[in-house]
Amino acid sequence: MTNSYKPISCHLYDKLEELAIKKQKVKIIYFDNELTLEIEDTIVDFKTKNKEEFAILSSGLIIRLDKIVEII
């Protein structure tokens, strides 16, 4: 898997924002290096650094948005 950032769709970003606004706990399946991981948490904020977008979770975990595989 390439490490260069690929912007996510506006539809997915809108969905993530909606979940954050509602403070809804969700299961997030995402890539971390070569592993597929999952966490159940709440998105509390977003940040952009070096033209890459990230979700900040209530646990303090930060996930790059293009690494998210699925939200349940």
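Nothing here was measured: the structure is a model prediction, and the numbers come from that model. (Residues numbered from 1 in each chain as written. Predicted model: local features only at pLDDT ≥ 70, side-chain atom pairs only at ≥ 80, totals over all residues. Heavy atoms only, no water.)

## Focus: the overall build of the chain
Short version of the rule: By the criteria applied, helices consist of DSSP H or I runs no shorter than four residues and strands consist of E runs no shorter than two, each listed in order from the N terminus. Based on C-alpha atoms, the radius of gyration is set beside the globule rule, defined as 2.2 Å times the residue count to the power 0.38. Whether a residue is buried, partly exposed or exposed follows from its accessible area with a 1.4 Å probe, protein chains only, as a fraction of its type maximum: under 20%, in between, or over 50%, in that order. We call two residues contacting when some pair of their heavy atoms lies within 4.5 Å.
Counting secondary structure elements, the chain contains one helix and five strands. Computed over its C-alpha atoms, the radius of gyration of the chain comes to 11 Å, within 12% of the 11 Å expected for a compact globule of 72 residues. A principal-axis box enclosing the C-alpha atoms of the chain has dimensions of 30 × 25 × 20 Å. Out of the 72 residues in the chain, the part that is buried amounts to 33%. At a minimum sequence separation of 6, the contacts of the chain that also span at least 24 residues come to 44%.

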